[in-house]
Amino acid sequence: MDKQAVMVRVGELWLKSEPVRRQFIKTLVTNLKSAMEAADVPCKTEVFRGRIILHGDADRIADAASKVFGIVDAAKCIVTGNTKESIAEAAVSLAKEKLHAGMRFAVRAKRQFVEGFTSQQLAAFVADKIWDAAPDFIVDLEHPEYEIFVEAREFGGLVYDERIKGQGGLPLGTAGRTAVLLSAGIDSPVAAWLMMRRGVSLTGVFADSGSFAGKASKELAKDNARLLSLWCPGRAFPLWIVNVEPFLLSMQKSCNTHYTCLFCKRFMIRAAEYIAKQNRLEGVVTGENIGQVASQTLQNMGVITASSDLPILRPLLTYDKEDIVKIARSIGTFHESPGDTSCRAVPVKPATRSSIEVITEEEKKLDMEGLVAAAADSAELWIAKNGEIYRKERKS
Ligand code: ATP
Ligand code: MG
């Protein structure tokens, strides 16, 4: 069998300065190695001028690499010697499998640190050989029906005709760390995934409302963390489970319950902020979305934002639900039959309008600081990794 490799292309690197680019590539290579290890795919990695080449079983490597953030696409390559002849031999056998009589084709060639021919000469040589093998193919550089790529590199030749689309984005770990309010729902795992795709490492925070929560809620939130961990192979996706029932009971006793959902969201943000500050996280992500529910009117989101001085990040702000569901399905976090995830604290008519003055006045009736600290300090810590989740004892 021919030697195989996968060559990945990295997105947006041209936007970065040289040192940043180097750091990005380094992180990406680490992430790729973790992904291969988690998928149990043996592979050897080489980096050439911003291109990453992974030697080994091309099908399995391309499959695992196409899920690593920061990769635009992955080409499954045949690895040959770096002479024109050996590149052409592999190109002919690949092209013959895909071309049929009368089809228009083009050869795209690159050459780097290999002497004796130019890339145009390499392209012409390979095209001639393909044509010799089957003269009824037509060379058409403008509008080919089939393109074959050949590269002569120091270490050998690469031949490929297919690129598998990657996820794009930035390598995970290159864009900071934040908390994410992760619920049992559809939106927040998608919000989390979009942030991860942009390079942000996440720590989940789930607010468990105890007897107010539907029976399936806690397990589903844990499952969401578990499923998200498949997108950061080899890394931990921590999930803090904060008990917010004492807060809800206090709030119901003392405050105007018309504003329950706002009090609750502000409390969740505060708990996430408390955990974020202890763990040096730089913001709080939510799955909120303009107009989706009463607490997500622009005005109410403004009141929610004011509960913390950390940035509140809402990657789904402008998405339609249909599009969110589509992403949830494609990333594997959509639960077909989620079970009971309802919240029994929601009032019959939740407030769509509020003001920071009214809400602040109401909250003065509570020992907010004490409630937040008690909830966050007693939170359970769960660690999701490679699609599994386990409870971790906290250091006291
Ligand atoms: P999702 O929005 O994730 O589908 P949901 O629809 O139950 O869940 P919303 O009422 O839309 O939640 O809440 C908006 C956001 O608030 C969620 O996207 C999530 O970030 C956060 N959130 C809601 N409930 C919880 C919870 N129990 N624990 C942690 N975060 C939560
Ligand atoms: Mg929602």
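Check the entry above for the structure.
Attention here is on the structure that accompanies the text. Computed from a predicted structure; not experimentally measured.

Our focus in this paragraph is the nonpolar core. Grouped together as the largest cluster of nonpolar side chains are 41 residues, with contacts concentrated most on Val-205, Val-242, Phe-247, Leu-248 and Phe-267. Looking at this core, the elements that each hand over two or more residues are strand E10 (177-181), strand E11 (201-208), strand E12 (236-243), helix H7 (245-254), helix H8 (260-278), helix H9 (298-305), helix H12 (368-377) and strand E15 (380-385). Residue contributions to this core peak at 10 residues, all from H8. Phe-267 has contacts with Val-244, Phe-247, Met-368, Leu-371, Val-372 and Ala-375, leaving out every residue within four places of it along the chain.

With mixed pairing, seven strands are arranged side by side in an open sheet as E14-E13-E10-E11-E12-E15-E16. For this open sheet the edge positions go to strand E14 (312-313) and strand E16 (388-392), each flanked by a neighbour on one side alone. As paired strands, E11 and E12 are joined by five bridges and run parallel to one another. Looking at E12, one finds that Gly-204 is bridged to Leu-239. On the sheet, helix H6 (residues 217-229) packs against E11, E12, E15 and E16 and is oriented at approximately 165° with respect to E12. Here H8 sits on the sheet and contacts E10, E11, E12, strand E13 (284-285) and E14; the angle it forms with E10, its principal contact strand, is near 150°.

Right, let's talk about the site of ligand 1 for a bit. Inspection of the region around ligand 1 gives 17 residues, with Leu-181, Ser-183, Ile-186, Ser-188 and Ala-207 positioned closest. In the model, a nitrogen atom of ligand 1 is placed 2.8 Å from a nitrogen or oxygen of the Ala-207 main chain. In the environment of ligand 1, an oxygen atom lies 3.2 Å from a nitrogen or oxygen atom belonging to the side chain of Lys-265. Contact with the protein chains hides 81% of the accessible area of ligand 1, taken as 550 Å² for the molecule alone.

In this section: unusual backbone geometry. The backbone phi angle of Asp-40 is positive, close to 60°, even though this residue is not glycine. Its location among the elements puts Asp-40 in the loop between helix H1 (18-38) and strand E2 (43-48). Phi at Phe-113 takes a positive value of approximately 55°, unusual for a residue other than glycine. With respect to the helices, strands and loops of the structure, Phe-113 is situated in the loop between strand E5 (104-111) and helix H4 (119-133).

The rules behind the values
- Residues numbered from 1 in each chain as written.
- Chains lettered and ligands numbered in written order.
- Predicted model: local features only at pLDDT ≥ 70, side-chain atom pairs only at ≥ 80, totals over all residues.
- Heavy atoms only, no water.
- Core = buried A, V, L, I, M, F, W, Y, C linked by side-chain atoms within 4.5 Å.
- Buried < 20%, exposed > 50% of the residue type's maximum accessible area, 1.4 Å probe, protein only.
- Helix = DSSP H or I, 4+ residues; strand = E, 2+ residues; numbered from the N terminus.
- Contact = heavy atoms within 4.5 Å.
- Pairing = 2+ DSSP bridges.
- Axes fitted to C-alpha atoms, helices over the stretch in contact; angles between N-to-C directions.
- Near = heavy atom within 4 Å.
- Polar contact = N/O pair within 3.5 Å; in protein donor to acceptor, adjacent residues only side chain to side chain.
- Areas by Shrake-Rupley, 256 points an atom, 1.4 Å probe, with all protein chains shown as cover.

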